[in-house]
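Residues per chain are reported as follows:
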Amino acid sequence: MNNKKWIPTLLAGVMTLGLLSGCAGGGNTSSGGNGASTLDNSGAATNTPSASEPIKLTMWGGVPPESGPQAVVDVWNAENPDIQVEYVRFVNDDDGNLKLDTAMLTDQGVDIYVNYTLSQTEKRVEAGVALDLSEFGDYDIDDKMGPDAALWKIDDKYYGVPTKKNAFFVALNKDMLDEAGLEVPKSWTWDEARDYAKQLTADGRYGLIQHLEPFYDPMDSVLEKDGYAKADGSSNLDHPLIQKWLETLNAMMTEDASTPPLGEQMSTQLPVDTSFLGGQAAMLNIGEWLIRSSNNLTDFPRDFKIAFAPVPRLADAEADFITRGGLGDLVSINAKSPHKDAAWAFVKWYADGGMAPMAAGGRLPASKDVDKQVALDSLLGDQADTYDLESLEYVLYEDTTPTYVRSASQQVIDLRTQEYEKYFLGGQTIEKTIENMVARHNELLK
Amino acid sequence: MKGNWMKKQQLLGYVFIAPNMIGVLLFFIIPAMFSFVLMFTDYRFMNPNVSFVGLDNFTRLFKDEVFYVSLGNTLIFLLSVPISILLAFVVAVALNKSVYMKKMLRALYFMPYITSGVAIAFVWMLLFQPKMGPINGFLRAIGIDNPPGWLSTMETSMIAIDIIWIWFMLGYNMIIYLAALQEISSELLEASKIDGAKWWQTIRSIIWPLVSPTTFLLLITGLIMTIKTFGIIQAITQGGPGNSTTILSLFVYKNAFRYYEMGYASAISWVLFFIILVITMIQWAGQKRWVHY
């Protein structure tokens, strides 16, 4: 008799254990091998008929895992036991992109990847490794991301979702500006910027320093608007505003000594954010990634407020100016991936706020589903009161200057860089510089 | 019977060299042949459309201004090889005699050769820093008011690279010379001493000719290695400022892996190959005049 009573109790015990282990399997990233994981399906996945093994996706991105991506995939993996995403970092330089391209061409299991420039994306579309997203009808990129998203269209199609709001600006040391009695500009020309820099230059302090990434953006601002080539197909690098940019900066380096000479900056690889945050420069031409350092008061102690100004323009009239900005971080799906639907589910989730942990590293979500205030809060963290919030919001959200995304090919960028380096280092005259740029560009345009 | 044994022996020989040969075949000979075909195409990595363009890549190359600049830079870079060899010879002769802390000095000279290229690049960039770097600090201290800008100017950047490269190769060249110096029989040196030769006469007429096969070896391998190097320049200047430190091998690398122009890059690398070949052949022809076995 005793025996018979024990049997149901034992069965109940076994079942409870089974359920428990099922839940555990769902919560963990591994060992979901007992079928119970399907119970946790939160509806994101669409194609998991036999869910005994979770789908494994690999996402390649250029951001170090600890600056957000790991947190992003951890959240996703916890919520979606049947689609497990692994993040692989590639360094976003020539070698890193080559590694990604090779991995995709040789089917090394890249499912999702992030493009950082339009010219790289074009190469990947050509190679057939970027999935045309119009095959999914359930997500309106234009509506979600706003009009800037269209800059990423190739042949009028989306081959990825632009997820990040780009922000390029001049960061200002508010205390130094106040001291000199200068306003925070909301729109300014390079002549005015030069004037500011001159007034702000002091002993052991530059008026303006520039990060080398957006350094040559003024040229692209002109050429993206008026065309890299003229109507007759020849190079437009002899545009008068290009000469103006070269001469203005050169005068700032040599006559005014209000910005570091380029040769010196390159050979020392001057860490511009360190100089600016350390008070050795009053203005810094940079982008949103400054926030990564400026939020870190332990390594970069400062006691001044940072204000923000839009990037200065070369053209006289405001109406003739477009500025670099728009959206970035184009998340694409490998057209050869066997798990396109699962990858798409992840990409949508990522774009609609799943990427939030990346904001601490300066990456603001572009989707309209993400609340502006929430995004700003996660961007600035506890340090919000060390920034001039009004000017920050102006630069990020209110400035209505039309924008562009850098589209010039690497060859054009490099030949320009080589020639203007020669000029800024005193190796050739302005006439020769423009002549060389035009000649070399024409050679490529043929 | 005997022929059969020979055949077996030969077969065994092939089996022994097979692992190496397969490696060379797969990773060197086949890719090299492949690039020979590629140089007649407009192949761009990632682009599936490839067509034969004949000699277009070469006409483009011979019109490319950067090609001539990098050719000139390559020649300046190659100058570092004989200089490094001469310095290594001097150091080796000095360290071969009784010098204090001989072993430690040898180790010190050899250190650069086993140090990671990135570390070398970083340290030299600091040393060459025009305003605060120790090299210019020293030059100012001894009374030079306007020391060179080293890596930061177009005129001096290639010289700065040469200095780094000389320093880098010195240790290796020195070790090889030390081995060669051990081979010189002491009878010859003693005989010259008895005949009343001064120390520099001994070096010039006995030591230098006797180590000439080593010098020849170092010259050939050094030039080949140097003409192929680009990693250290990529780490320090990426070919800049302007293109004042772009050498041919870096030019190939940039075209292939930065611009994905594989066809064009293949053409340049074959031109590079012929340059190495010609230099090496000239040396072989010239060796009879000064190399004594």
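These numbers were taken from a predicted model, which means no experiment stands behind them.

*Asks:* It is not clear to me how the overall build of chain A should be interpreted in this structure. Could you clarify?
*Replies:* For chain A, the count of helices and strands is 17 helices and 12 strands. Every one of the 446 residues in chain A was classed for burial, and the buried ones make up 54%. Across chain A, every contact between residues at least 6 apart in sequence was considered, and the portion connecting residues at least 24 apart equals 76%. Carbon and sulfur atoms form 52% of the exposed surface of chain A, whose accessible area is close to 19,200 Å².

*Asks:* Whenever I open this one, the domain arrangement of chain A confuses me. Can you help?
*Replies:* Quite often, the size of an interface is put as the accessible area lost when its parts meet. All names here are of chain A. By the assigned domains, chain A splits into domain 1 (49-166 + 327-370) and domain 2 (168-324 + 391-445). Taking the mean C-alpha position of each, domain 1 and domain 2 sit 30 Å from one another. Every contact between the two is made by 13 residues of domain 1 and, on the other side, 12 residues of domain 2. When domain 1 packs against domain 2, the two sides together hide about 1,200 Å² of surface, and 57% of this comes from carbon and sulfur.

*Asks:* Looking at this structure, I do not really get the confidence of the model for chain B. What am I missing?
*Replies:* In low-pLDDT regions, the fine details of the predicted coordinates are not to be read closely. Summing up the model confidence of chain B, the mean pLDDT is 89 and the portion of residues at 70 or higher is 99%. No element of chain B has a lower mean pLDDT than helix 5 (residues 102-110) of chain B, which averages 84, and none a higher one than helix 3 (residues 65-78) of chain B, which averages 94.

*Asks:* What is the right way to look at the confidence of the model for chain A in this model?
*Replies:* Mean pLDDT for chain A: 85, with 88% of residues reaching 70 or above. Here residues 10-49 of chain A is modelled with pLDDT under 50, and outside its nearest four sequence neighbours on either side it reaches 35 contacts, counting other chains as well.

*Asks:* How should I be thinking about the nonpolar core in this particular structure?
*Replies:* Soluble globular proteins tend to bury their nonpolar side chains together. Ranked by size, the top nonpolar core spans 120 residues in total, and within it Met 145 and Val 161 of chain A carry the most contacts. The dominant element in this core, judged by the number of residues it contributes, is helix 8 (residues 157-183) of chain B, at 13 residues. Discounting residues that sit within four places of it in the chain, Val 161 of chain A has contacts with Leu 133, Tyr 139, Ile 141, Met 145, Asp 329, Leu 330, Val 331, Trp 344, Val 347 and Ala 351 of chain A. Membership of the second largest hydrophobic core comes to 42 residues, among which are Leu 182, Trp 188, Trp 245 and Ala 309 of chain A.

*Asks:* What am I meant to see in the sheet that holds strand 6 (residues 206-210) of chain A here?
*Replies:* Two pairing modes exist for strands in a sheet, parallel and antiparallel, and in both the strands are linked by backbone hydrogen bonds. Residues and elements named next belong to chain A. Spatial strand order, 6-7-5-8: four strands in an open sheet with mixed pairing. In this open sheet, the two edge strands, each paired with only one partner strand, are strand 6 and strand 8 (306-309). Taking each pair of neighbouring strands and ignoring which way they run, the sheet shows an average axis angle of 25 degrees. With four bridges connecting them, strand 6 and strand 7 (residues 281-287) associate as parallel partners. From the neighbouring strand, Ile 209 faces strand 7, where its bridge partner is Leu 284.

*Asks:* Sorry, what's going on with the side chain of Ser 258 of chain A here?
*Replies:* Position of Ser 258 of chain A among the secondary structure elements: in the loop between helix 9 (240-253) and helix 10 (262-268). When near neighbours in sequence (up to four residues on either side) are disregarded, Ser 258 of chain A contacts Ala 197, Lys 198, Thr 201, Tyr 206, Gly 207, Leu 208 and Met 252 of chain A.

*Asks:* Sorry, what's going on with the interface of chain B and chain A here?
*Replies:* The interface is formed by 28 residues belonging to chain B together with 30 residues belonging to chain A. Both faces combined, the contact of chain B with chain A buries some 2,700 Å², and carbon together with sulfur accounts for 52% of it. Considering only the side of chain B, the residues that lose the most area to chain A are Met 46, Arg 258 and Tyr 259 of chain B, jointly responsible for 25% of the buried surface there. Applying the counting rule to chain B against chain A returns four salt bridges. Linking chain B with chain A are 11 residue pairs in polar contact (both at pLDDT 80 or more).

*Asks:* Sorry, what's going on with the pairing of strand 1 (residues 55-61) of chain A here?
*Replies:* The two faces of the sheet receive side chains in turn, since in a regular strand these alternate between them. Residues and elements named next belong to chain A. Taking burial as the measure, the seven residues of strand 1 include six buried ones, the bulk of the element. Of the strand pairs in this sheet, strand 1 and strand 2 (residues 83-89) are connected by seven bridges, and their pairing is parallel. Each bridged residue has a counterpart across the sheet, and for Gly 61 the counterpart in strand 2 is Arg 89. Read from strand 1 through helix 2 (residues 69-79) to strand 2, the crossover connection turns out right-handed. Pairing analysis gives two bridges linking strand 1 to strand 3 (residues 112-115), with the strands arranged parallel. When the bridges of strand 3 are listed, Trp 60 appears paired with Tyr 113.

*Asks:* What is the right way to read the packing of helix 4 (residues 80-96) of chain B against helix 5 of chain B from this model?
*Replies:* For any two helices packed against each other, one specifies the inter-axial angle together with the distance between the axes. Residues and elements named next belong to chain B. The interhelical angle for the contact between helix 4 and helix 5, taken along N-to-C directions, is 160 degrees, at an axis separation of 10 Å. The orientation of helix 4 relative to helix 5 falls into the category roughly antiparallel. When you trace helix 4 past helix 5, the crossing you get is left-handed. From helix 4, Val 91, Leu 95 and Asn 96 reach across to helix 5, where they touch Lys 102, Leu 105, Arg 106 and Tyr 109. Of the residues that constitute the contact of helix 4 with helix 5, the class distribution is four nonpolar, one polar and two charged.

*Asks:* Would you mind showing me how to read the packing of aromatic side chains here?
*Replies:* Each aromatic ring pair is specified by the distance between its two centres and by the angle formed by the two planes. Applying the stated criterion across every chain yields a total of 43 aromatic pairs over all chains. Considering the side-chain rings of Trp 76 of chain A and Phe 346 of chain A, the 5.1 Å spacing of their centres and the 90 degrees angle between planes classify their relative orientation as edge-to-face. Of the two residues, Trp 76 of chain A sits in helix 2 while Phe 346 of chain A sits in helix 13 (residues 340-354), which places them 270 residues apart along the sequence. A residue is classified by how much of its surface remains accessible, and Phe 346 of chain A, at 0% relative accessible area, is buried. With a centroid separation of 5.6 Å and 50 degrees between ring planes, the pair formed by Tyr 253 of chain B and Phe 257 of chain B is classed as tilted.

*Asks:* Looking at this structure, how should I read a nonpolar patch on the surface?
*Replies:* A grouping of Ile 22, Leu 25, Leu 26, Phe 27, Phe 28, Ile 29, Ile 30 and Met 33 of chain B is seen on the molecular surface, where their side chains present a nonpolar patch of about 840 Å² in accessible area. With respect to the secondary-structure elements, Ile 29 of chain B resides in helix 1 (residues 2-38).

*Asks:* Would you mind showing me how to read the pairing of strand 7 of chain A here?
*Replies:* All names here are of chain A. The element strand 7 is largely enclosed, with a buried count of seven among its seven residues. Relative to strand 7, strand 5 (residues 168-173) runs antiparallel, the two being bridged by five bridges. Within strand 7, the residue paired with Ala 171 across the bridge is Leu 284.

*Asks:* What am I meant to see in the pattern of salt bridges here?
*Replies:* In this structure the tally under the stated criterion is 32 salt bridges over all chains. Ionic pairing is found between Glu 255 of chain A and Arg 194 of chain A, a salt bridge with its closest N-O pair at 3.4 Å. With Glu 255 of chain A in the loop between helix 9 and helix 10 and Arg 194 of chain A in helix 7 (residues 190-200), the pair connects residues that are 61 residues apart, well separated along the chain. With a closest N to O distance of 3.2 Å, Arg 44 of chain B and Glu 261 of chain B form a salt bridge. In this pair, Arg 44 of chain B sits in the loop between helix 1 and helix 2 (56-63) while Glu 261 of chain B sits in the loop between helix 13 (248-258) and helix 14 (262-290), placing the two residues 217 residues apart along the sequence. What makes Arg 44 of chain B partly exposed here is its relative accessible area of 33%. Taken together, the salt bridges that share partners define one network made up of Glu 213, Asp 217, Asp 220, Arg 324, Arg 406 and Arg 416 of chain A.

Procedures and definitions
Residues numbered from 1 in each chain as written. Chains lettered and ligands numbered in written order. Predicted model: local features only at pLDDT ≥ 70, side-chain atom pairs only at ≥ 80, totals over all residues. Heavy atoms only, no water. Helix = DSSP H or I, 4+ residues; strand = E, 2+ residues; numbered from the N terminus. Buried < 20%, exposed > 50% of the residue type's maximum accessible area, 1.4 Å probe, protein only. Contact = heavy atoms within 4.5 Å. Areas by Shrake-Rupley, 256 points an atom, 1.4 Å probe, with all protein chains shown as cover. Domains from an automatic or database assignment. Buried area = accessible area lost by both parts, 1.4 Å probe. pLDDT = per-residue confidence, 0-100. Core = buried A, V, L, I, M, F, W, Y, C linked by side-chain atoms within 4.5 Å. Pairing = 2+ DSSP bridges. Axes fitted to C-alpha atoms, helices over the stretch in contact; angles between N-to-C directions. Salt bridge = Lys/Arg side-chain N within 4 Å of Asp/Glu carboxyl O. Polar contact = N/O pair within 3.5 Å; in protein donor to acceptor, adjacent residues only side chain to side chain. Right-handed = clockwise from strand over helix to strand, strands pointing away. Parallel < 35°, antiparallel > 145°, perpendicular 65-115°, else oblique. Left-handed = near helix turned anticlockwise from the far one by under 90°. Nonpolar A, V, L, I, M, F, W, Y, C, P; charged D, E, K, R; others polar. Phe/Tyr/Trp six-rings, centres within 6.5 Å; stacked < 30°, edge-to-face > 60°. Patch = residues over 30% accessible without salt bridge, like charges linked within 9 Å, V, L, I, M, F, W, Y side chains within 5 Å.

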